[in-house]
Amino acid sequence: MKRAAARRLIERYYYQLTEGCHVSNCTNENCASSVKGQALPPNEAAVRAIDLFKERAKLCDPNPTKMPRRPNRESNDFERMNDLSGRNITSSMFLSPSSSSTDGAEVASNLMDTSETEVAIPQQDQLSWNVELISSEPSASTSAGKSKDLLSSIYLTEARVLEIIDICKEEGTYSLLIRTIGQVFSTAGALMMSFRKRRSVLNLDSLTKEDLRAIEADQDKDLDSMEEDEKVINRISTVESGVALKPGEVTLDLESLRRTYGALFAIPETPFQGALIHAVFTLFDSAKWDLECLKVYEQDENYLNIFLIVLEIPFLGSDDLLETVFKSFCRAAAVLPLAAQAKMARVVAKYGAQRLNELVEILQQLITSRVVVGQVSQDYCVNDDDVVISATKVMKVFFYAAILGGRSSTILDDNDQSVEASDDHFLQGSVGRENKEPKPMKEDPLACELGVSVLDCHKPLIPFAEFYNELLNESIEMERDFTYYRANQDRNKFSFMNYPFILTPATKALGLYYDNRVQMYSERRMSALHSILVSESEFIPYNPYLKLKVRRDHIIDDALIELEMVSMENPTDLKKQLVVEFEGEQGIDEGGVSKEFFQVVVDEIFNPNFGMFTLNPETQVYWFNPTSFESDAQFTLIGIVLGLAIYNSVILDVHFPSVVYRKLMGKKGVFEDLSDWDPSLYRGLSNLLEYTESDIEDVFMQTFRISYKDVFGADLIYDLKENGNQITVHHDNKRDRKSVV
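Residues numbered from 1 in each chain as written. Predicted model: local features only at pLDDT ≥ 70, side-chain atom pairs only at ≥ 80, totals over all residues. Heavy atoms only, no water.

Draft legend 1. Highlighting the packing of aromatic side chains. Summed over all chains, the structure comprises 32 aromatic pairs. Plain terms: the ring middles of Phe 284 and Phe 307 are 5.1 Å apart, the flat faces sit at 40° to each other, and that makes the pair tilted. Remark: Phe 307 occurs in helix H13 (residues 305-311) and Phe 284 occurs in helix H11 (residues 273-294); sequence separation between them is 23 residues. Just as Phe 284 is buried, Phe 307 falls in that class too. Here the aromatic rings of Phe 482 and Tyr 514 are separated by 6.3 Å at their centres, their planes lie at 25°, and the arrangement is stacked. With Phe 482 in helix H21 (residues 478-486) and Tyr 514 in helix H22 (residues 505-533), this residue pair connects regions lying 32 residues apart in the sequence. On the basis of relative accessible area, Phe 482 is assigned to the buried category, the value being 7%. A connected cluster of aromatic rings, assembled from ring pairs, spans Phe 399, Tyr 400, Phe 464, Phe 467, Phe 494, Phe 496, Tyr 499 and Phe 501. Sitting above the plane of the Tyr 351 ring, Arg 258 keeps its charged end 5.2 Å from the centroid. (Phe/Tyr/Trp six-rings, centres within 6.5 Å; stacked < 30°, edge-to-face > 60°. Helix = DSSP H or I, 4+ residues; strand = E, 2+ residues; numbered from the N terminus. Buried < 20%, exposed > 50% of the residue type's maximum accessible area, 1.4 Å probe, protein only. Lys NZ or Arg CZ within 6 Å of the ring centre and 35° of its normal.)

Draft legend 2. Focus on the packing of helix H23 (residues 555-569) against helix H25 (residues 632-647). Packing of H23 against H25 brings their axes to within 10 Å, and their N-to-C directions diverge by 90°. Taken together, the axes of H23 and H25 are roughly perpendicular relative to one another. Across the interface between the two elements, Leu 560, Leu 563, Glu 564 and Ser 567 from H23 touch Gln 634, Leu 637, Ile 638, Ile 640, Val 641 and Leu 644 from H25. When its residues are assigned to classes, the contact of H23 with H25 shows 7 nonpolar, 2 polar and 1 charged. (Axes fitted to C-alpha atoms, helices over the stretch in contact; angles between N-to-C directions. Parallel < 35°, antiparallel > 145°, perpendicular 65-115°, else oblique. Contact = heavy atoms within 4.5 Å. Nonpolar A, V, L, I, M, F, W, Y, C, P; charged D, E, K, R; others polar.)

Draft legend 3. Representation of the confidence of the model for the protein within the structure. Averaged over the protein, the pLDDT score is 75; the fraction of residues at 70 or greater is 72%. The least confident element of the protein, judged by mean pLDDT, is strand S1 (residues 130-131) at 32; the most confident is helix H17 (residues 386-405) at 95. For the stretch residues 218-243, pLDDT sits under 50, and the model shows 45 contacts to residues farther than four places along the chain or on other chains. (pLDDT = per-residue confidence, 0-100.)

Shown next, in the form of structure tokens:
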């Protein structure tokens, strides 16, 4: 804790000694309001404040002892709130109530900065659920006096809004409410300080020993840097609030905000809506520039509050709000720093499936409306529409919110994930593979910031299909989008392939097709160049294609043998375009013969009589037969066949559980993957793990011996542990059984 934190405490002691807490029955002898004490002169109070600070004396309830200079509607003070280029949002807006009091406080701690002010809770709002960051005098008793006083307070709380509504009902006009909403919602500084979580009374007893030691050790030290000072102030703020903010928490009181919106939109005909729309549009018009140029979020993380406040507006998807408020919201939110996007994703993940689905639908509605009315031409496409781009970037935040709020498995260490990839690989050491390493998978920066992975998500908060936009996918020129995707160095070009969650499987397949074709043409050119440059003694016939000649009645044997030879001699030929020829049959392969070849091979491979795979009748997905007589090399060759089918854009009717594809991406299987292959077994093991009663042995009657059928229908018995049939499953070893299964 640095000097700024100590200064705050000393200053509060000073005002307690000079002005008191304004409580008639105060019993604190170190308070001017107490019957035992009396107000001290400024200089004497300054000395006494330091002594009380060292003694860790009791502090009374905070009261509005420091008054801000209230902005006048006719002055330019209010407009200057938009300027957030300073270090602190309150540094240039508020002053102390009187010069004598301020001077005394400066004598007390010699740590004060005239640009910093104390935060106090107005007397009239002590029962509010919110923190009010700007204090005000108690309002006058008349409604006119109340109107003038409330209008001058440029922040909002639930209690204040309800009071304004009551005043407007008494006056018969909502002009005060309209002006207040227009002022607050058009200014980032005022809105970010509105609807804060309630701040409890500060008591030194609530400080931890670590905090107290920090106060004593650092009260005489200079501030190391402004950054450290900000951290200390934030630390004291969390102690005063009684709750330390976690990475996914914000200072905004969402429940109070929602109640406030409920009261506002319960007003007949919502007369304030026009002012709200205009104010928010003005707010985000400047917020985009502030985020990009002034880096306001780096100065105060509470800047994110303005986005969360607007995100809670009811009927955000209505026509009036969609084309104005939400459009400007997306443009500003799209340029939020990575840390702000991560915090927003964590907050939205707590909204629940229904609210998240509503927000995604609003984004989809905005994108669809832009695609429908967009002027798509040869020189303009959806990749150039700034509204579609910004909405897609915001949807990425919601996409990762769905992952955070869903059910994910533990992310394994990369070293553990790569172990199986190199074991017993029959292609190891083959020509062209000696020094080749797998290309690192491209990771999304936001996913890294959040520490999540799409591959580890087994059940998102809302289905991934909710993020698809059919109309957008029909409008995307995939050839142009793929070009933008490959031109990574050109940051001005937007590609939807960097946001695959919004693309349908058909569109993704088209992007994969273009990528495969580029590689095929590249291999064809390299093969032609190689045939020209080699000497006559080393002449190799130019072959721009990967040709397979097979017999129809021995298609599996011929295909696997030829593919094994190609893989051993020159595996780069696998990246060439495939051309298949059936022996004894005439025809040129222009795609049809290859499709027939793959279909025949797949039908043969997955035939139960072949014995390489087993089919689960409940889920209709295939898994590897553990009792197969084929070697691992044969399974690898089958994998090459399936890979060639994908590479040559041939669709096969083969269904594997998701864990197969996760393993291809370097992940290992986890317990949750069992639900895709055998849901009955997964439910049974889950019930076993969740059972807490003492009669688990009598209820489940399980041992460490299992029985199963092989692909030919024969019953097999397997002991998970030695003498497994004699080991009964109980609470102490039930997790061991899950692990070995």
